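The lines below spell out each chain.
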Amino acid sequence: MSSGQLGQLLASKEVIIVCGPGGVGKTTVSAAAGIKAAHELGGRILVLTVDPARRLATALGLDQVGNEATQIDPERLTIDGIEARGELWVAQLDTKASWDDLVRQHAPDAATRDAILANTLYENVTAKFVQSHDYIAMERLHDLHASGDYDLIIIDTPPSRHAVDFLDAPERMAEFFSSRLLRWLTVPYRSKLFTAASKPFYSVADRVLGQQFLREIADFFLLFQTMYKGFVERATEVQRTLRDDRTSFVVVSTLEAASVNECQYFMDALDERDLHLGGVVFNRALPKYFTSRPASTAARKLDRHCESLAAELALGDYAPEMVARVISDVATGFLDFSLAATRQAETKARLVSAPGVGVTTLALLAADASDFETLTTISRSL
Ligand SMILES: Nc1ncnc2c1ncn2[C@@H]1O[C@H](COP(=O)(O)OP(=O)(O)OP(=O)(O)O)[C@@H](O)[C@H]1O
Ligand SMILES: [Mg+2]
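Below: a short report on this structure. Because the structure is predicted, anything quoted here is derived from the model rather than measured. (Residues numbered from 1 in each chain as written. Chains lettered and ligands numbered in written order. Predicted model: local features only at pLDDT ≥ 70, side-chain atom pairs only at ≥ 80, totals over all residues. Heavy atoms only, no water.)

Here helix α16 (residues 306-313) crosses helix α17 (residues 320-351) at 125°, and the two axes come no closer than 8 Å. Considering their axes alone, α16 and α17 lie oblique with respect to each other. For α16 against α17, the interelement crossing comes out right-handed. Between α16 and α17, the residues in contact are C306, E307, L309, A310 and L313 and P320, V323, A324, I327 and S328, respectively. Among the residues forming the contact of α16 with α17, the class breakdown is eight nonpolar, one polar and one charged. (Axes fitted to C-alpha atoms, helices over the stretch in contact; angles between N-to-C directions. Helix = DSSP H or I, 4+ residues; strand = E, 2+ residues; numbered from the N terminus. Parallel < 35°, antiparallel > 145°, perpendicular 65-115°, else oblique. Left-handed = near helix turned anticlockwise from the far one by under 90°. Contact = heavy atoms within 4.5 Å. Nonpolar A, V, L, I, M, F, W, Y, C, P; charged D, E, K, R; others polar.)

See the structure below:
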């Protein structure tokens, strides 16, 4: 297997964060990159996926959600009789289990830990609050990297509403813990000194929501605040991992307008944050063949001569007018694809101006890319 643009990146980094707009093929590229790395490099490689599509999960043997990594059978990694040099491990991010681990790690004592884990709001809040998923993905990454169990970690990122959310997730988490809202919510429970201004609010809230409910909320936040210091420190460490020299980002995009705009936004966001962009992968691109000049000339000729061609073909039962129409439609259809492919090539040229950023283009495959064999094929093009 030859080493493409991404090959060099995989060889020189310890953490690769694959990001980009929703549905463009982030998980597919992460898995294919893992296969490539396992094949060409030695050592232990982990692909941490986030919410993979059902079929892809099955292809990777990830039928059960869990933070536990599973090793891909070396037999399956054998390509053309050549065995992989390294091991490939895959895991699927389990948000709930990761939060529980985090609480266990940061709770000041066993009683607080148990109280948080048993709090009825805890599960709801951690499962639903904005960026919980993003934060935990970055947190897991940091943990895995710090463990030293893997030589290379490829992390697939969640489809955030705003693709860059997860970059700021650690910082936001730190902000959240020191937020005024949080302090304000817990005021009446932290001290007996109600302010004159907040008293009416709390008595109304008590009546409307019920004292029990309000107390539960306050309890939850108070318990959570005991972990403040640990969390903020952690968030800072996670940020450090993202900025580390051994960490690089790969942006995946398609060449459709909306996706490209988001990709550009993403590249700018990385730049603004001084994060290392190592590569861009354009996925599901139209094959190069569509931009071939002789091919489009041939298509134009077919269209122009469709009637004489139909007559020449003399397809017996079929009316020559209909045959001519089919030839013309096929030819103009090709020209439409040709135009789209040319636009894609232009878009690509415009977008990637940053020096040192490897660009990889992956062709649109006829079938879905969800089986292991197809992932292996894609891995060769990376
Ligand atoms: N080059 C390709 N040709 C054809 N189909 C592809 C290609 N790459 C990916 N796909 C298919 O596109 C779909 C989306 O891919 P994938 O799940 O990897 O995207 P994603 O960016 O991870 O999505 P999400 O943002 O929802 O996590 C899958 O069905 C996958 O098999
Ligand atoms: Mg995905």
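We are not done yet, so read on.
Now for the pairing of strand β2 (residues 44-49). Burial of β2 is extensive: five of the six residues sit out of reach of the surface. Inspection of the sheet shows β2 paired to strand β4 (residues 87-92) by six bridges, in the parallel sense. Note that in β4 the partner of I45 across the bridge is L88. In this sheet, strand β5 (residues 152-156) lies alongside β2 in parallel orientation, the contact comprising four bridges. Bridge assignment links L48 to a residue of β5, and that residue is I155. (Buried < 20%, exposed > 50% of the residue type's maximum accessible area, 1.4 Å probe, protein only. Pairing = 2+ DSSP bridges.)

We now examine the pattern of salt bridges. Following the criterion strictly, the structure yields 14 salt bridges and no others. Between D168 and R273 there is a salt bridge, and its shortest N-O distance comes to 2.8 Å. On the criterion of sequence distance, the pair formed by D168 in helix α9 (residues 165-177) and R273 in the loop between α14 (257-272) and β7 (277-285) is long-range, its members being 105 residues apart. The class of D168 is buried, set by a relative accessible area of 15%. For the salt bridge of R246 with D244, the shortest nitrogen-to-oxygen distance reads 2.9 Å. When salt bridges with common partners are traced through the structure, they connect E139, R140, D143 and R234 into a single cluster. (Salt bridge = Lys/Arg side-chain N within 4 Å of Asp/Glu carboxyl O.)

To describe two helices that pack against each other, one gives the angle between their axes and the distance between the axes. Running from amino to carboxyl end, helix α5 (residues 95-106) crosses helix α13 (residues 228-243) at an angle of 120°, the nearest separation of the two axes being 9 Å. In terms of axis orientation, α5 runs oblique to α13. The way α5 lies across α13 gives a crossing that is right-handed. Residues W99, L102, Q105 and H106 of α5 pack against G230, F231 and R234 of α13. Each residue belonging to the contact of α5 with α13 can be placed in one class, and the counts come to three nonpolar, three polar and one charged.

Structurally, D100 can be placed in helix α5. You can call D100 buried: its relative accessible area is 12%. If near-sequence neighbours (up to four positions away) are discounted, D100 is found in contact with L117 and Y122.

Once that is clear, we can look at the layout of surface pockets. Volume-wise, the largest pocket comes out at about 450 Å³. Around the largest pocket, the lining comprises 25 residues; the ones closest to its centre are G23, V24, G25, T28 and R284. Put simply, the parts of the chain that give the lining of the largest pocket at least two residues each are α2 (26-40), β7 and β8 (358-363). Here the element with the most residues in the lining of the largest pocket is α2; it accounts for three residues. (1 Å grid on protein atoms, 1.4 Å probe; cavity = no way out; pocket = protein on both sides within 12 Å on 5 of 7 lines; lining within 4 Å. Points joined across faces, edges and corners; volume = space filled by probe spheres on them.)

The local shell around ligand 1 holds 17 residues, among which G23, K26, T27, T28 and D368 are the closest. At 2.9 Å, a backbone N or O of G25 approaches an oxygen atom of ligand 1. In this structure, an oxygen atom belonging to ligand 1 sits 2.7 Å away from a side-chain N or O atom of K26. For ligand 1, the protein covers 83% of the area, taking 630 Å² as the surface of the free molecule. In this structure the site holding ligand 1 corresponds to the largest pocket. Among the elements of the structure, α2 and β7 are those that each provide at least two residues to the shell around ligand 1. With three residues, the top contributor of residues to the shell around ligand 1 is α2. Among the residues making up the shell around ligand 1, the classes are represented as seven nonpolar, seven polar and three charged. (Near = heavy atom within 4 Å. Polar contact = N/O pair within 3.5 Å; in protein donor to acceptor, adjacent residues only side chain to side chain. Areas by Shrake-Rupley, 256 points an atom, 1.4 Å probe, with all protein chains shown as cover. Sits in = over half its atoms within 2 Å of the grid points.)

Looking now at the nonpolar core. Taken as a class, soluble globular proteins show a tendency for nonpolar side chains to be buried jointly. With 57 residues, the main nonpolar core has W99, Y135 and F249 as its most contacted residues. The contact partners of F249, leaving out residues within four places of it in the chain, are I17, C19, F166, L167, L242, L270, L275, H276, L277, G278 and G279. If you look at the next biggest cluster of nonpolar residues, it comprises 34 residues, including L6, V29, A31 and L56. (Core = buried A, V, L, I, M, F, W, Y, C linked by side-chain atoms within 4.5 Å.)

As a further point, take unusual backbone geometry. Although it is not a glycine, D80 adopts a positive phi angle of roughly 50°. Relative to the assigned elements, D80 resides in the loop between α4 (74-77) and β4. Accessibility expressed as a relative area gives 63% for D80, which makes it exposed.

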